[in-house]
Amino acid sequence: MKSKKSNPAKNPRLALSFGMFIAALLAAHAAGLAAGAAPAAADWPTGRGNPQRTGNLDDQPGPAQPKVLWVYKSAENFISPAVPAGSQLIVAGLGAFNSAAVHGLSIEESPAQRERWAKNGLRMPVVCPPAVAGGLVFFGDGMHQTDGATLYCMKADSGIPLWQYALPGKLIHLEGAVTFDSGRVYTGGGNAGVICVDAIHVTLDGHAQDLAAVQPQIEKRWAEMLAKYEQDKKKDGNLAVAPSDEALPHPAPNLLWQQGKDKWHVDAPVLVTAGKVIAASAYLDDDKCGNRAVICMNAPDGSAKWEAKLKHNPWAGPTLAGDVVLVGCSSIRFDKKLVPTAQGEVVAVDLNSGQVRWRKDVPGGVLSTVAVKNNLAVFTATDGRIRAWDVATGAERWVYAGKAPFFAGVAIAGNVVYAADLSGILHGVSLTDGKGQWKLDVGIDPAVQAPGEVYGSPVVSGGRIYLATCNMDSEGASAEQSNVVICLADHAGVSQQVFDSIAVDKQKKTILIPAKIAPRKLPSMKDIYPIEVVACYPVPVGQKAHETVVTFNVKPSDIDKALRGLGLTPGKPARGEGQVPSGPIVGLYLVLPGVGDKQRIVPIERAMQEPRTGKPLPHFRWRFTGSVLRQPDPTKDFKMYGADLTGTLVSIFPVTDETVFQSDLTMKEEPFMKLETNKNLLPEEGTAVQILIQVLPSEESSR
């Protein structure tokens, strides 16, 4: 006879005891942090991991000569740093029109799939670095130009939402990293001031409950919706609707206290230590609101203890250095145009009394938190320098000069300081004397090939360095420019160096490219989008991987070189309205598996159909246009084959000029041709096929 498993959701007594156990476990964990003990390997409970803001918890230095182990590419901009959570990274991205997504990425060298889960459809953009504790992820949404925000709690291993707390109001947003401590979550909320919520006890449908009792209900409902979705896909994939968070129960955590609403403006991470909460409030000149000060409150109830006035806004937030609080300040925000005028300071305040022990001006803005180790306060500034000052006196110990401004702060692990500047160069600097040990231009590394800027500070964990980039303000960036999350280790990742081979037959003047039938529904997207390209890199590298027929793993520039070797000269790609592509006409085909050992060779346009008619597309003319070159960073004399960045090989409409082949269709036809794959012709998704390129006779190719 099988024994029945107890369900906390159906057994109130068990749910209560289980909830008390979780609360006690998390509280003990947080108490250990306050006492200086190392957190669990899967935890990252506050901004930069610890009150000293070192971006590292195990003191294990990164690689002596870092190499790219793996790359995750995306069109999203990564403003905030990635956060380690055991065997994965949690990272937030900004998509088109500031749409938001939070991703759980595997940190394995060669996982079956890099992205473990993705949470889309959030109400506001997300630039808040998450906190991780006890298998839970806490983060907020909203950024400076938005009003109203939401604080979220999700499961770290799946992204399933557990609770939400809404904060409506003008100039309310959750930009700074949240802090988890003793079962509570503390965060700044712009004009909301500072809030503290109970992470363990929630309210659902007007009833107070334990999170341990609510969680099984949510997971059960999610599993039911997922099962129904899989069934619906088998019946009719076009009508299947993916599970939505809106259909789940919506518990809210209990608000314990809120201080400074409409009096302070807190966009920086708060500091929680020894029963105190330290917040850094700014004054908004344009909006005439806020209070330029560092403020100390009692953690139990938020009551005021002391306040210290500041000269510049403390966007960097507070750092703990023994019995001293260090605050970096800046006259500007994250605005490159204002960098030449930026001024800043670092202020040291007594933790217990609020008295200023010392303050020193900086000829540049300090936009990210100061990191503390070995009695050194280490920080970056927009004047392109990393500085180390004595914690006790503010005396300068060393200065390292970079060549570009720093928006991101430093990480410290072992005896090395790690910092990445706005041009995407990562610096390794000795903590002892400030001498440079190495530099790595991340964007132009052959394994990356996606130059970008760095706004989020690097993280060092398990001897590896994690860094994320963005291109939202890059003057020379393509509209489809890839951004990356990268892992640097002491050896290069094999998967980042190996591409599939192409087969060139000079006598037949053909090129064969291995490929696979692409999935039409990506797990990270709610909708299925019409096809705009025929062949591109797979997700997450391919920028059009959700709008393609086949995927491949060959560098487009290598195909360009092979065609030139067969005697062709590329023309010019088109992009947008009113442009027409030029170049020699080539034959493009798919080689599909047939019966037995036989293969079928079909024109590539036959792999698509117009859903309204159900008929395959007529014959197209495909032109070898070649790709435009990109100079992603105007300050560097470096150009790249654009199609290598986006991974696009064959484009139907002129939606991109970073491609190798284009049809003669224009953007005028695009609104009337919502194309889908021809399932009557193509094998199942994931089936291995080939792309065949045929160089046509000169008289036919030149038409």
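Small disclaimer: the values here were computed from a predicted structure and weren't measured.

### Structural notes on the overall build of the protein
Here is step 1 of the chain: Scanning the protein from terminus to terminus reveals five helices and 48 strands.
Here is step 2 of the chain: Put simply, of all contacts in the protein between residues at least 6 apart along the chain, 59% involve residues at least 24 apart.
Here is step 3 of the chain: Looking at the protein as shown, the accessible area adds up to about 28,600 Å², and 53% of this sits on carbon and sulfur atoms.

### Regarding the pattern of salt bridges
Close approach of charged atoms allows side chains of opposite charge to pair.
Here is step 1 of the chain: Per the stated rule, a full pass over the model turns up 30 salt bridges.
Here is step 2 of the chain: Among the ionic pairs, Lys119 bridges to Asp245, the shortest N-O distance being 3.1 Å. You can see Lys119 sitting in strand E5 (residues 115-120) and its partner Asp245 sitting in the loop between helix H2 (211-235) and strand E14 (252-259), a full 126 residues away along the chain. For the pair shown, Lys119 and Asp245 are each scored as buried.
Here is step 3 of the chain: Of the charged contacts in the structure, one is a salt bridge between Lys311 and Asp361, with a shortest N-O distance of 2.7 Å. On the criterion of sequence distance, the pair formed by Lys311 in the loop between strand E18 (304-309) and strand E19 (313-321) and Asp361 in strand E22 (residues 356-362) is long-range, its members being 50 residues apart.
Here is step 4 of the chain: With relative accessibility at 42%, the residue Lys311 sits in the partly exposed group.
Here is step 5 of the chain: Take Asp361: its relative accessible area is 51%, and that puts it in the exposed class.

### Comments concerning the environment of Cys153
Here is step 1 of the chain: On the secondary structure map, Cys153 appears in strand E8 (residues 149-155).
Here is step 2 of the chain: Setting aside residues up to four positions removed in sequence, Cys153 forms contacts with Leu136, Val137, Phe138, Pro161, Leu162 and Trp163.

### Section: the sheet that holds strand E4 (residues 100-106)
Here is step 1 of the chain: Pairing within the open sheet is antiparallel, and its four strands lie in the order E2-E3-E4-E5. Lying at the two open borders of the sheet, with one neighbouring strand each, are strand E2 (83-85) and E5. Neighbour-to-neighbour, the strand axes of the sheet open up by a mean angle of 25 degrees, direction not taken into account.
Here is step 2 of the chain: Note: strand E3 (residues 88-94) against E4, seven bridges, orientation antiparallel. Pairing of Gly93 across the sheet is with Ala101, part of E4.

### Details of H2
Here is step 1 of the chain: Given a rise of 1.5 Å per residue, 25 residues ought to cover 36 Å, and the 36 Å separating the end C-alpha atoms of H2 matches this to within 8%.
Here is step 2 of the chain: Every buried residue of H2 is listed here: Leu211, Ala212, Ala213, Val214, Gln215, Ile218, Trp222, Met225, Tyr229 and Asp232.

### Points about the packing of aromatic side chains
Here is step 1 of the chain: Applying the stated criterion to the full structure yields 15 aromatic pairs.
Here is step 2 of the chain: Taking 6.5 Å as the distance between ring centres and 50 degrees as the angle between the ring planes, the aromatic pair formed by Tyr72 and Phe78 counts as tilted.
Here is step 3 of the chain: Its relative accessible area of 0% is what places Phe78 among the buried residues.
Here is step 4 of the chain: Ring-pair connections join several aromatic residues into one group, and the members of that group are Phe138, Trp163 and Phe180.

### Focus on the nonpolar core
Here is step 1 of the chain: Counting 61 residues, the largest nonpolar core has Trp70, Phe138, Phe139, Leu151, Trp163, Val185 and Val485 as its most contacted members.
Here is step 2 of the chain: Residues contacting Val185, with those up to four places away along its chain left out, are Phe138, Leu151, Trp163, Val178, Thr179, Phe180, Ile195, Cys196, Val197 and Ala199.
Here is step 3 of the chain: Tyr537, Leu590, Ile652 and Val695 belong to the second largest nonpolar core, which has 48 residues in total.

### Here we look at unusual backbone geometry
The phi angle of most residues is negative, glycine excepted, and most peptide bonds adopt the trans form.
Here is step 1 of the chain: The backbone of Leu171 sits at a positive phi, close to 60 degrees, despite the residue not being glycine.
Here is step 2 of the chain: Looking at where Leu171 falls in the secondary structure, it is placed in the loop between strand E9 (161-167) and strand E10 (179-181).
Here is step 3 of the chain: In this structure Leu171 comes out as buried when scored by relative accessible area, which is 8%.
Here is step 4 of the chain: Although it is not a glycine, Gln449 adopts a positive phi angle of roughly 50 degrees.
Here is step 5 of the chain: On the secondary structure map, Gln449 appears in the loop between strand E30 (436-441) and strand E31 (459-461).

### Some words on the pairing of strand E36 (residues 533-536)
Here is step 1 of the chain: Across three bridges, E36 lies against strand E45 (residues 648-651) in antiparallel orientation. For Val533, the partnering residue across the bridge sits in E45 and is Ser651.
Here is step 2 of the chain: Bridge count between E36 and strand E37 (residues 550-552): two bridges; the pairing is parallel. Bridging across to E37, Cys536 finds its partner in Thr551.

### Comments concerning the side chain of Glu115
Here is step 1 of the chain: Take Glu115: it is sitting in strand E5.
Here is step 2 of the chain: For the buried residue Glu115, which engages in no salt bridge, the nearest side chain bearing the opposite charge is Lys521, 9.8 Å off.
Here is step 3 of the chain: Within the structure, Glu115 has its side chain in polar contact with the side chain of His103 (distance 2.7 Å).

### Describing helix H3 (residues 556-565)
Every α-helix winds through 3.6 residues per turn, so residues three or four apart in the chain are directed the same way.
Here is step 1 of the chain: Taken together, the buried positions of H3 are Pro556, Ser557, Ile559, Asp560, Ala562 and Leu563.
Here is step 2 of the chain: Phi turns positive, to about 100 degrees, at Gly567, one or two residues after H3.

### Remarks on the sheet that holds strand E21 (residues 344-350)
Here is step 1 of the chain: The strand order E19-E20-E21-E22 describes an open sheet built from four strands, whose pairing is antiparallel. A strand with exactly one partner marks an edge of an open sheet, and here the two such strands are E19 and E22. Strand after strand, the sheet turns through a mean of 15 degrees between neighbouring axes, direction not considered.
Here is step 2 of the chain: Note: E21 against E22, six bridges, orientation antiparallel. If you follow Val347 over to E22, its bridge partner there is Arg359.

### A word on the confidence of the model for the protein
Here is step 1 of the chain: Mean pLDDT over the protein stands at 88; residues scoring 70 or higher make up 89%.
Here is step 2 of the chain: Of the regions scoring below 50 in pLDDT, residues 1-38 engages in 40 contacts with residues more than four places distant in sequence or in other chains.
Here is step 3 of the chain: Note that pLDDT drops below 50 for residues 475-479; the model gives that stretch ten contacts with residues more than four away or on any other chain.

### Quick look at the environment of Val127
Here is step 1 of the chain: Here Val127 is to be found in the loop between E5 and strand E6 (131-133).
Here is step 2 of the chain: Residue classification places Val127 among the buried residues on the basis of a relative accessible area of 12%.
Here is step 3 of the chain: Between the alpha carbons of Val127 and Val102 there is a distance of 10.0 Å; along the sequence they are 25 residues apart.
Here is step 4 of the chain: Residues in contact with Val127, not counting those within four places in the same chain, are Ile79, Ser80, Leu94, Gly142, Met143 and Glu175.

### Examining the environment of Leu440
Here is step 1 of the chain: Along the chain, the position of Leu440 falls in strand E30.
Here is step 2 of the chain: On a C-alpha basis, the gap between Leu440 and Ile425 in space is 5.6 Å, while along the polypeptide they are 15 residues apart.
Here is step 3 of the chain: If near-sequence neighbours (up to four positions away) are discounted, Leu440 is found in contact with Pro66, Gly424, Ile425, Leu426, Asp445 and Leu488.

### Details of the side chain of Thr656
Here is step 1 of the chain: Counting through the fold element by element, Thr656 comes out in the loop between E45 and strand E46 (661-663).
Here is step 2 of the chain: Within the structure, Thr656 has its side chain in polar contact with the backbone nitrogen of Glu658 (distance 3.0 Å).

Reading the values: rules and limits
Residues numbered from 1 in each chain as written. Predicted model: local features only at pLDDT ≥ 70, side-chain atom pairs only at ≥ 80, totals over all residues. Heavy atoms only, no water. Helix = DSSP H or I, 4+ residues; strand = E, 2+ residues; numbered from the N terminus. Contact = heavy atoms within 4.5 Å. Areas by Shrake-Rupley, 256 points an atom, 1.4 Å probe, with all protein chains shown as cover. Salt bridge = Lys/Arg side-chain N within 4 Å of Asp/Glu carboxyl O. Buried < 20%, exposed > 50% of the residue type's maximum accessible area, 1.4 Å probe, protein only. Pairing = 2+ DSSP bridges. Axes fitted to C-alpha atoms, helices over the stretch in contact; angles between N-to-C directions. Expected span 1.5 Å × (residues − 1). Phe/Tyr/Trp six-rings, centres within 6.5 Å; stacked < 30°, edge-to-face > 60°. Core = buried A, V, L, I, M, F, W, Y, C linked by side-chain atoms within 4.5 Å. Lys, Arg positive; Asp, Glu negative; His and termini not counted. Polar contact = N/O pair within 3.5 Å; in protein donor to acceptor, adjacent residues only side chain to side chain. pLDDT = per-residue confidence, 0-100.

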